[in-house]
Structure formats: structure tokens, C-alpha cells
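An overview of the molecular structure
This is what each chain is made of:
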Amino acid sequence: MGYRITKGDLMEPDVVFVFGAGASYDDGAPLQDEILPIILSGQLKDIESSATGQAVCGFLRDNFAWDARAGIYPTLESVFGFLDYFINQNEHLSAAYPNAEIRAVKEGLIKLIHYVISEKSNRRAMVYKSFWSAVLRHNANLSILTLNYDTLLEEALQAVDHRAGIDYCIHLMDHGDAGGGPGAFRIMKGHGSLNWKYCSCCNQVLLTPWDTKIDLDAAGEKRYCCPVDGSELETLIIPPSHIKRISHPVVSQILNISLRTIRACRKVVFVGYSFPDADVHFKALFKKALINNQEIYVVNRTIDQKLKLNYTALAEGIKFIEAPFAGFIKNEPLVEELLSCRK
């Protein structure tokens, strides 16, 4: 692990890349609709044997139904929405699931998502490495808004150029204010990150190493405590739900900076992002941000009519490129076209 966090003023990038789950998928990270099937399938034995896995899977069996043979599972949005209803209303579900237990199940499910992403991701991140190599060849004046929790993007950058700085656009208690300085790449993580630990007492974030694996056995789990007030820290990720907590102070700051950064750029490139229904806040963000006639490209494994309508509702003149991220990044003329910003 080699962080170099820098300080500076707001960037005005030529290009902003927006990475959805499809970008990390080519480096092994599971798609959102694959996570619950993995949790419930029994293929990860640590989930089956852990207290966390047993509690979450027991709750799912008691309150949801699925057909594994048909490949029909509840969505993460529906599960988190169900949990958030009782949490926000401060209601019990039953004698077996009082409100405190509902909150514990939600935290346990977040922990399992963390575990699945860490287990399934390919730490070599070859596609992201190819992306950073192309950036360094053609145009390093860019910013990235990623909606993925994994750290594959950052790990790949450090592997390609260990001198490169990372600007997370937030205050980090172990690094200070992280702003865009010379040589720093702005990476705005709109749904949080597996290597961010948040203190709900002092409202600060601790940056942890790239190794994001966790021990699902609560008795043996490595716990991070706030160096300021000693409170136990939690992984800062915003789970998929129709009731997202975008008012979280850290997330709110990132979204505000993302809006200003997109408004200031000349070109926006979406990669592997399909605008799921639960991401209405990002639809609102882009609707407000895309006001300066930016060039807009959409790179996606499949370009269907629903995807096209999701994007054309935001702006006109969008260019669609049907290709997986891994295939797109091998097309040197196309990559140069998207990264270049001729006056």
C-alpha cells in the first residue's frame, strides 16, 4: 500500500470518467445483482460458518423467498429498503426482530457485501492498469467519479505509477485535507469505499490499507478505533436502497464536489453504469451538472433501448459505444479520442 495524499485547489479537468459496476466487473468485482446469490449459495464457507453470515441468512430466509434453480433472488435494493423502513420508523418487525436486531442485520449485510467484493475481486486489476497506462500516455488532466466500493482503481494507479497522488476530496484524519495538487488524480467515491472507516462521533474518516479483507467472526475481527475519541469505526459505504443516506456529511461533500467538477469539464465518459432505479440522486446530480454542452460518451457492455432512454433524458447528442470496459480499453484510437480534449 502506498498512499500519497496531496492538497490543492479545485481542478478543472478536461475529462470526467464515471465508473459504474461494469467497470470493476472486468477486474473480477461482482455486479450488484450477483452479491445476494453468492451470499446465499454457500459457495463462500466463511459466510456459512460465521455468526454474521448465519444471522443475515436467517433473516433473509424468514422474510424473503427465492428460487435458486431459476436464478430468482430478492434484490439488494428490496432487502435494504425493507430494513430501512423499520429503522427509519423506529419500529420492531417481530419479537424475533426488534429494531436493534434489524439494525444489526443491516450492519451484518454490509459486512457480507464487503467480504464478497474483497473475495471475488482480482487484485491484479489488469483492466484498470490498462486504463491508467492510457491516461498517462494521452491526457492526465482528468477526474473520476466512481460508484464502486472496491479499491481496484486506486491499487491499479499505484501499480502503474507509484508516484501518483490520490485526491479523495475529503478530510482524512490520518492524512489531513485531500485536495487536488500537482500530479494528484481526483477520485470521487460517491458511494463510499471499503478502505474508508468512519467515526460517527467526530464525523471523520480514517484511511485504511488496500487490503480490505475482513474477518466475519466478530470475536476475531480486527477493529479500527478512532484515534481522536476511541469510538469504534465502521466501513463507510452507502448500500443500495431506495432510501439512501445521501445526507451523510462525507457523501454530501463528495456529491457537491462531483457536481462542480462535472460542470467544469469539457467531456464526460460513462463506463459500465446503467442508472439503476435506486440511484435517482445521481440522475439528479447529472441533470444539474450537464449544462455546459459537454461531449458525452457512454461505454457499456450492452446498449439497449432502456439504457439509451436513461441517458438521453439527461442531455442531447450522447455517443453510445457498445463494448465491455476490457474491450474498449484495447481500442487505442477510441481511447485516444475519449481522452483527448482538443481546443
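Everything numeric in this text was worked out from a predicted model, so none of it was measured.

A closer look at the pattern of salt bridges
Tallying each qualifying case throughout the model produces 7 salt bridges. Across the pair Glu-48 and Lys-45 runs a salt bridge, and its minimum N-O distance is 3.6 Å. Residue Glu-48 and its partner Lys-45 are located together in helix α3 (residues 45–49), separated by 3 residues, close to a single helical turn.

Considerations on the sheet that holds strand β10 (residues 267–271)
Each strand in a sheet pairs with another by means of backbone hydrogen bonds, the pair being arranged parallel or else antiparallel. A sheet is described by the order of its strands in space; here 7 strands give the open sequence β3-β6-β2-β1-β10-β11-β12, paired in parallel fashion. Of all strands in the sheet, those with a lone pairing partner are β3 (165–167) and β12 (319–322), marking the two edges. Ignoring which end each strand starts from, the neighbouring axes of this sheet average 20° apart. In the sheet, strand β1 (residues 15–19) pairs with β10 via 5 bridges, with the strands oriented parallel. Within β10, the residue paired with Phe-19 across the bridge is Val-271.

Some details on the packing of aromatic side chains
One pass over the structure, following the stated rule, counts 23 aromatic pairs. Centroid distance Phe-270 to Tyr-311: 5.0 Å. Interplanar angle 65°. Geometry classified as edge-to-face. You can see Phe-270 sitting in strand β10 and its partner Tyr-311 sitting in helix α11 (residues 305–312), a full 41 residues away along the chain. Stacked on the ring of Phe-320, the Lys or Arg Lys-308 has its end atom at 5.9 Å from the ring centre. Over the ring of Tyr-297 we find Lys-319; its NZ or CZ atom is 5.2 Å from the centre of that ring.

Regarding helix α4 (residues 51–63)
Taking 1.5 Å as the rise per residue, α4 with 13 residues should run 18 Å; its terminal C-alpha atoms sit 18 Å apart, in good agreement. Inspection of α4 places Thr-52, Gly-53, Val-56, Cys-57, Gly-58, Phe-59 and Leu-60 among the buried residues, and these make up the whole buried set. Each element contacted by the buried residues of α4 is listed here: α2 (32–41), α3, α5 (76–89) and α6 (99–120).

Describing the pairing of β10
Among the 5 residues of β10, 5 are classified as buried, and the element is accordingly described as predominantly covered. Strand direction decides the pairing type here: β10 and strand β11 (residues 295–300), joined by 5 bridges, are parallel. Within the sheet, the bridge partner assigned to Val-268 lies in β11 and is Ile-296. Note on the crossover from β10 through helix α10 (residues 280–289) to β11: the handedness is right-handed.

Quick notes on the rules
Residues numbered from 1 in each chain as written. Predicted model: local features only at pLDDT ≥ 70, side-chain atom pairs only at ≥ 80, totals over all residues. Heavy atoms only, no water. Salt bridge = Lys/Arg side-chain N within 4 Å of Asp/Glu carboxyl O. Helix = DSSP H or I, 4+ residues; strand = E, 2+ residues; numbered from the N terminus. Pairing = 2+ DSSP bridges. Axes fitted to C-alpha atoms, helices over the stretch in contact; angles between N-to-C directions. Phe/Tyr/Trp six-rings, centres within 6.5 Å; stacked < 30°, edge-to-face > 60°. Lys NZ or Arg CZ within 6 Å of the ring centre and 35° of its normal. Expected span 1.5 Å × (residues − 1). Buried < 20%, exposed > 50% of the residue type's maximum accessible area, 1.4 Å probe, protein only. Contact = heavy atoms within 4.5 Å. Right-handed = clockwise from strand over helix to strand, strands pointing away.

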